[in-house]
Amino acid sequence: GVMNEHRGIVNRLLWMQAQYRLDASDTVLQKTPYTFDVSVWEFFWPLMTGARLAIARPEDHKDPHHLARALRQYRVTTAHFVPAMLQAFLAQSDEALPALRRVFASGEALPATVQRQFRQRHPQVALHNLYGPTEAAVDVSHWACTDDGNSVPIGHPVANTRLYLLDARLQPVPVGV
């Protein structure tokens with residue numbers, strides 16, 4: 001387990017709201033088990049903004065067909081996927097999701113192939129790559145997936161944080177590396 005400070009989580013939630021603007025027309029799908037850090041924003045971001053919180057059935061996060069059903073049934077506008085599950089979801093579900101507006105991917109590297117497949121299948125949905133260790137209050141960087149390059153960057157720091165990228169000798173690397 002990892003302990004987080006309240007102010008880190010609050011900063012993260014306030015940053016998400018300033019960056020992505022949920023409102024009463026939004027529905028967030030809460031599907032991540034509450035023992036994982038992503039569940040914090042899935043629970044609290046919609047509640048602090050007046051958006052609707054749709055709670056998936058236990059274990060639904062493991063089944064792409066159940067996830068597709070929940071996304072349609074609750075008219076979900078905002079969802080999170082670990083990239084491996086996003087890949088499985090795209091491979092097993094080709095259904096239209098007209099309410100979906102934004103998808104966040106985090107928890108592991110987002111392959112460029114998955115980014116391309118997602119954007120081809122759901123061009124109207126914004127895909128965002130988030131990165132960060134649990135110890136840093138869930139995520140520390142964000143990237144709007146608009147480039148179809150050979151890799152997906154971890155992006156820019158969230159509000160009130162800094163990123164330091166180091167080489168194998170623990171020396172800072174130049175911007176862009």
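Here, every reference points to the structure presented above.
Presented here is a report on the structure given in the accompanying data block. Computed from a predicted model, the values in this text were never measured in an experiment. (Residues numbered from 1 in each chain as written. Predicted model: local features only at pLDDT ≥ 70, side-chain atom pairs only at ≥ 80, totals over all residues. Heavy atoms only, no water.)

A cluster of nonpolar residues, Val10, Leu14 and Met48, forms a patch on the protein surface that exposes about 240 Å² of accessible area. Topologically, methionine 48 is positioned in helix α2 (residues 38–49). (Patch = residues over 30% accessible without salt bridge, like charges linked within 9 Å, V, L, I, M, F, W, Y side chains within 5 Å. Areas by Shrake-Rupley, 256 points an atom, 1.4 Å probe, with all protein chains shown as cover. Salt bridge = Lys/Arg side-chain N within 4 Å of Asp/Glu carboxyl O. Helix = DSSP H or I, 4+ residues; strand = E, 2+ residues; numbered from the N terminus.)

Our next topic: the packing of helix α4 (residues 83–92) against helix α5 (residues 112–121). Interaxial distance between α4 and α5 falls to 10 Å at its minimum, and their mutual angle equals 45°. Considering the angle they form, α4 stands oblique to α5. For the pair α4 and α5, the crossing hand works out as left-handed. Across the interface between the two elements, Pro83, Leu86, Gln87, Leu90 and Ala91 from α4 touch Val114, Gln117, Phe118 and Arg121 from α5. Split by residue class, the contact of α4 with α5 holds 6 nonpolar, 2 polar and 1 charged. (Axes fitted to C-alpha atoms, helices over the stretch in contact; angles between N-to-C directions. Parallel < 35°, antiparallel > 145°, perpendicular 65-115°, else oblique. Left-handed = near helix turned anticlockwise from the far one by under 90°. Contact = heavy atoms within 4.5 Å. Nonpolar A, V, L, I, M, F, W, Y, C, P; charged D, E, K, R; others polar.)

Pairing geometry for strand β1 (residues 27–30) and strand β2 (residues 52–55), over 4 bridges, is parallel. Of the residues in β2, the one forming a bridge with glutamine 30 is isoleucine 55. On the question of chirality, the crossover connecting β1 to the parallel β2 by way of α2 is right-handed. (Pairing = 2+ DSSP bridges. Right-handed = clockwise from strand over helix to strand, strands pointing away.)

Moving on: α2. For α2, with 12 residues, the first-to-last C-alpha span of 17 Å sits near the 16 Å given by 1.5 Å per residue. For α2, the full list of buried residues reads Val38, Ser39, Trp41, Glu42, Trp45, Pro46 and Thr49. Buried-residue contacts for α2 involve α1 (6–20), β1, β2, β3 (78–81) and β4 (102–105). At the exit of α2 stands glycine 50, carrying a positive phi of roughly 85°. (Expected span 1.5 Å × (residues − 1). Buried < 20%, exposed > 50% of the residue type's maximum accessible area, 1.4 Å probe, protein only.)

With that out of the way, let us pick up the pattern of salt bridges. For the structure on display, the rule yields 9 salt bridges. Here lysine 62 ties to glutamate 59 by a salt bridge, and the two come within 2.6 Å at their closest N and O atoms. One salt bridge in this structure joins arginine 72 and glutamate 95, with 2.1 Å as the shortest N-O distance. Taken as a pair, arginine 72 in helix α3 (residues 64–73) and glutamate 95 in the loop between α4 and β4 lie far apart in primary sequence, 23 residues in all.

Those residues of α4 not exposed but buried are Pro83, Met85, Leu86, Phe89 and Leu90. Take α4 and look down its axis: the buried residues cluster within an arc of 155°, on one side only. On its buried face, α4 is in contact with α3, β3, β4, α5 and β5 (126–131). (Arc of directions from axis to C-beta.)

What follows covers the packing of aromatic side chains. Each aromatic ring pair is summarised here by two numbers: the centre-to-centre distance and the angle between the ring planes. Per the counting criterion, the structure on display carries 7 aromatic pairs. Considering the side-chain rings of tryptophan 41 and phenylalanine 104, the 5.4 Å spacing of their centres and the 75° angle between planes classify their relative orientation as edge-to-face. Of this pair, tryptophan 41 sits in helix α2 while phenylalanine 104 sits in strand β4; the two residues are 63 residues apart in sequence, bridging distant segments of the chain. Phenylalanine 104 shares its class with tryptophan 41; the two are buried. Ring-pair connections join several aromatic residues into one group, and the members of that group are Trp15, Tyr20, Trp41, Trp45 and Phe104. In this arrangement the basic side chain of lysine 31 is found over the ring face of phenylalanine 81, its NZ or CZ atom lying 5.1 Å from the centre. (Phe/Tyr/Trp six-rings, centres within 6.5 Å; stacked < 30°, edge-to-face > 60°. Lys NZ or Arg CZ within 6 Å of the ring centre and 35° of its normal.)

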